[in-house]
Amino acid sequence: MLESMSSLSKPASIAVMLAIATAAPPALAQLRDPAAGAAPAARPRPVASAVHITEAPLVDGSLDDRTWQEASPLDGFVQAEPFEGQPGSERTEVRILYDDEAIYVGVVCYDRDPSLIVTTDTRRDAGLGEMDSFQMIFDTFRDQQNGFVFGTNAAGGQYDAQVRDQGDQASSWDGSWEVRTRTTDTGWTAEFRIPLRTLRYGPAPQTWGVNFFRNIQRTRERTYWAPLPREYNLGRLSSAGELRGLTLQTPRNFKLLPYFVSSANRSFTAGARTDGDADFGFDTKLGITPSLNLDLSYNTDFAQVEVDTQQINLTRFNLRFPEKRPFFLENSGLFTIGKGSELDLFFSRRIGLDEDGLLVPIRGGGRLSGKVNGVNVGVLNMQTGDAGARPANNFSVFRVSRELPSRSGVGAMFVNRTATGSLSRPGDWNRTWGADARIGVGEHFTVSGFGARTETPDLTGRDYAYNIDSEYDDGRHRARFEYGRTGEDFNPEAGFLENEDGYRRVHFSFQETMRQEPIRAWGFREWLPHVNYTRYNYLDGGLNNAELHLDNHWDWENGYRVDTALNGSWEGFRTPFEIYPGVVVPIGEHGGLRFRMVANTDRRKWASARLQWDVGRFLTGDQNSPTLQVVLRQGGRLTLDTNWSYRSITLPEGAFQTNLGNTRVTYNFSPAVFVQSLIQYNDRTQRWSTNLRFHWLETAGTGSLSTTTPRV
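Criteria and thresholds
- Sequence order sets the numbering: in each chain, residues are counted from 1 along the sequence as written.
- Confidence filtering applies because this is a predicted model: local features only for residues at pLDDT of at least 70, side-chain atom pairs given and counted only at 80 or more, and all residues used for totals across whole chains, interfaces and linings.
- The side-chain values count all of the structure's non-hydrogen atoms but skip hydrogen atoms and water molecules.
- Being paired, for any two strands, means DSSP has found at least two bridges between them.
- Put simply, DSSP marks the helices as runs of H or I at least four residues long and the strands as runs of E at least two long, and each gets a number from the N terminus on.
- Pairing of aromatic rings covers Phe, Tyr and the six-membered ring of Trp, with a centre-to-centre limit of 6.5 Å; geometry is then stacked below 30 degrees between planes, edge-to-face above 60, and tilted otherwise.
- Only Lys NZ and Arg CZ are tested; either one counts as a charge over a ring when it is within 6 Å of the ring centre and within 35 degrees of the ring normal.
- Grid spacing is 1 Å over the protein atoms alone, the probe is 1.4 Å, and a cavity is where that probe fits but cannot get out, while a pocket is an open set with protein on both sides within 12 Å along at least five of seven lines and lining residues have an atom within 4 Å of a point.
- Grid points are joined across faces, edges and corners, and a volume is the space filled by probe spheres set on the points.
- Ten residue types, Ala, Val, Leu, Ile, Met, Phe, Trp, Tyr, Cys and Pro, are classed as nonpolar, four, Asp, Glu, Lys and Arg, as charged, and the remainder, Gly among them, as polar.
- Pairs of N or O atoms within 3.5 Å make up the polar contacts considered here, provided that, within protein, one atom can donate a hydrogen while the other can accept it, and that residues adjacent in sequence are counted only when both atoms are side-chain atoms.
- Only heavy atoms matter for contacts: two residues are in contact if any of them lie within 4.5 Å across the pair.
- Any carboxyl oxygen of Asp or Glu that lies within 4 Å of a side-chain nitrogen of Lys or Arg is treated as forming a salt bridge with it.
- Between buried and exposed lies partly exposed: a residue is buried under 20% and exposed over 50% of the maximum accessible area for its type, with that area taken using a 1.4 Å probe on protein chains only.

Caption draft 1: Inspection of the sheet that holds strand β4 (residues 92–98) at higher detail. With mixed pairing, 5 strands are arranged side by side in an open sheet as β2-β4-β5-β11-β10. With partners counted over all chains shown, the strands left at the sheet margins are β2 (51–52) and β10 (178–184), one partner each. In terms of strand pairing, β10 meets strand β11 (residues 187–195) through 7 bridges, oriented antiparallel. When the sheet's bridge partners are listed, Thr184 is paired in β11 with Gly187.

Spelled out as structure tokens, the structure:
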């Protein structure tokens, strides 16, 4: 069966499959409840008022201060899940105060049975989606596209993030603020204090966009103060309410974060001495205006950052490891143009890390970011030092963008890398120029794209890249089409490029979200059939690689989920490829179909598991590849997360197996203090590695005391 269907790598067969997939909605429509297709009635956007106070409340999680009674409660939360448009099953009240130093938000989350409140983690920036939680978003410039997110759970965990272009939340941003919570006989309460210096906003008087979100995990209920359809999330700022009555001044914003590191090394032999080493540096933040920040760093150190989770690469393409260093994560969305994990014009991991992930000393640098007259501005300059035979480099980035009405926007970016110092050679430089745009048409259709060009001495071929995306998403139907080209000499050396061969790229996807009464009668919350197909051709023709994904997501009300997919992968090799030592895949087009199953148990429980299994064609042969994850939790304090991935590959050219495993153990003493260990095993490198961190975040966003001990 698998072999007979491998002809799907041919364009005509793919077109037939996609045509069948896109014809599916009429058939699926027979399952719809007649009323399900009707959108909820349009509601006016709600309006909130903030009350100016002269006496700040005590932030202790209890809303019994007299000042809280001066603010009228905001309520009337509306469900997005599970019954869109219906009132929340539990009452939620929010009050907003402010003084010359901070914004105060008081929240009462009523609950008929507080013993059923779910808390799975208390670390800072732990995801709140799988526990009882509350979040808010402030669109401080009222541009309906960018905002600051603050959230907590019933145990007082701190979560903050930035939203750009109505996209996903970037929790890498850490602001300075505080929250306290209490659990009572009638539910739980939260009290937030958000210093004005943590935010960016325009001149007084101000009107902000605002929305509030509550998650009740035992019933997987999501409610919003400004109602949203279920297909959207808190970042949908064009549907947010308004916060009026603000007359905020400009507080001083200056923070200095020094650090000191030391080490000692001794060989315990007769007459040996102890060798010591020490170093220091600092980060500082200066508020130029309420909407513009200057960050400076000297002798930058990232000792508190967790090591990378290892990966095994069985492809011809570059692996991408995530950025984890706080200095580069803040406002990182501002410096982004590209195609996500496939192509980035600027990728901050190029600064201070070489191609093998080894440290390169960062001498210092700075970043200016914020808004100037309605224009988003980002300027970054960093200087690294020599590393062995590698010369020092100077990295510069300049980015501007502007939001336009109807979810639209335009922008441009320039990136430069120049070798410096005594080890540098003439012509050792690289530049990237790029521009992007986004156009929203109505509520559901969006067209976006980018174009870029690089300059590299001695590369004279096609050095451009562009991509155009179009998407329709009304919450029930989602269709996407993309087309792009990348030249063989497109070379963003301060960015990331997964496929360096040069290619034409075509992507198509269609998804149908089924939540009608017949589906619920079967015990499911959602059935999500969908198809994705992406093909890369060499610029002169012929297959580079292609991926097909034809899937069904079955989501039970009890939290269990099963995905069953028919996947396909095809590769076009123009040179032999050594996939494993001694195993060389010949020239030609190879691949075929495989079956994938993914299943997970209820992640709200103290023990949960996830299993993924891939069986079927792989290049010239077959694979059998299970991956297992087991998570154990104890009251949000202790978490043990174990992952093991096994791949058994059998090819005519040879057979081999790979194993990759890791265990992460975290104990949270409080939301600000935790200890975490990461143990990893990779049989490709025959290496066990450990990383132990003790993390003490004294005040959010003001630095931490962190001790890291690596062992290899």
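Text resumes after the structure shown.
Caption draft 2: Just the packing of aromatic side chains, in detail. Inspection of the entire model under this criterion finds 23 aromatic pairs. Of the aromatic side chains, those joined through ring pairs into one cluster are Phe134, Phe138, Phe150, Trp177, Phe192, Tyr201, Trp208, Phe212 and Trp225. In this arrangement the basic side chain of Arg320 is found over the ring face of Phe347, its NZ or CZ atom lying 4.3 Å from the centre. One cation-aromatic arrangement involves Arg574 over Tyr538; the distance from NZ or CZ to the ring centre is 3.9 Å.

Caption draft 3: Examining the layout of surface pockets more closely. Considered as a void within the structure, the second largest pocket measures approximately 1,500 Å³ in volume. Lining the second largest pocket are 46 residues, and of these Ile312, Thr315, Glu547, Arg596 and Arg647 lie nearest its centre. Sorting the residues of the lining of the second largest pocket by element identifies β29 (524–537), β30 (543–556), β31 (561–573), β34 (588–600), β35 (607–618), β36 (621–634), β37 (638–651) and β38 (654–670) as the ones contributing at least two each. Looking at the lining of the second largest pocket element by element, the count peaks at 5 residues for β37. Looking at side-chain class alone, the lining of the second largest pocket contains 15 nonpolar, 21 polar and 10 charged residues.

Caption draft 4: Representation of the side chain of Asn146. With respect to the element layout, Asn146 can be found in the loop between β6 (133–139) and β7 (147–153). Of the polar contacts made by the side chain of Asn146, one reaches the backbone nitrogen of Asp165; its length is 3.1 Å. Polar contacts involving the side chain of Asn146 include one to the side chain of Glu403, which spans 2.5 Å. Excluding anything up to four places from it in sequence, Asn146 contacts Phe138, Asp139, Val163, Arg164, Asp165, Leu237, Asn376 and Glu403.

Caption draft 5: A look at empty space enclosed by the protein. Within the structure shown, the criterion is met by 3 cavities of 30 Å³ or more. Of the volumes computed, that of the largest cavity is approximately 420 Å³. Of all elements in the fold, only β6, β7, β8 (159–163) and β19 (362–372) reach the threshold of two or more residues within the lining of the largest cavity. Per element, the largest residue contribution to the lining of the largest cavity is 3 residues, and it comes from β19. Looking at the lining of the largest cavity residue by residue, the classes come out as 6 nonpolar, 14 polar and 10 charged. In this structure, the second largest cavity spans a volume of roughly 50 Å³. Contributing to the lining of the second largest cavity are Lys339, Leu343, Phe450, Tyr466, Asn467, Gly484, Arg485, Thr486, Tyr503 and Arg505. Put simply, the parts of the chain that give the lining of the second largest cavity at least two residues each are β25 (464–473), β26 (477–486) and β28 (503–512). Per-element accounting of the lining of the second largest cavity gives the leading share, 3 residues, to β26. The residue makeup of the lining of the second largest cavity, split by class, is 4 nonpolar, 3 polar and 3 charged.

Caption draft 6: Structural view of unusual backbone geometry. Omega for the peptide link from Glu81 to Pro82 comes to -10°, which places this bond in the cis form. Within the element layout of this structure, Pro82 appears in the loop between β3 (78–81) and β4. Cis geometry marks the peptide bond from Ala204 to Pro205, where omega comes out at -5°. Structurally, Pro205 can be placed in the loop between β11 and β12 (206–216).

Caption draft 7: A look at the pattern of salt bridges. Applying the stated criterion across every chain, the model contains 45 salt bridges. The salt bridge partner of Arg218 is Glu90, with a shortest N-O separation of 3.8 Å. With Arg218 in the loop between β12 and β13 (221–224) and Glu90 in the loop between β3 and β4, this residue pair connects regions lying 128 residues apart in the sequence. On the basis of relative accessibility, which here comes to 24%, the residue Arg218 falls in the partly exposed class. Among the ionic pairs, Arg316 bridges to Glu571, the shortest N-O distance being 2.5 Å. Taken together, the residues span a long stretch of sequence, with Arg316 in the loop between β17 (292–300) and α3 (326–329) and Glu571 in strand β31 at a distance of 255 residues. Connected via shared salt-bridge partners are Lys339, Glu342, Asp469, Glu471, Arg478, Arg480, Glu482 and Arg505.

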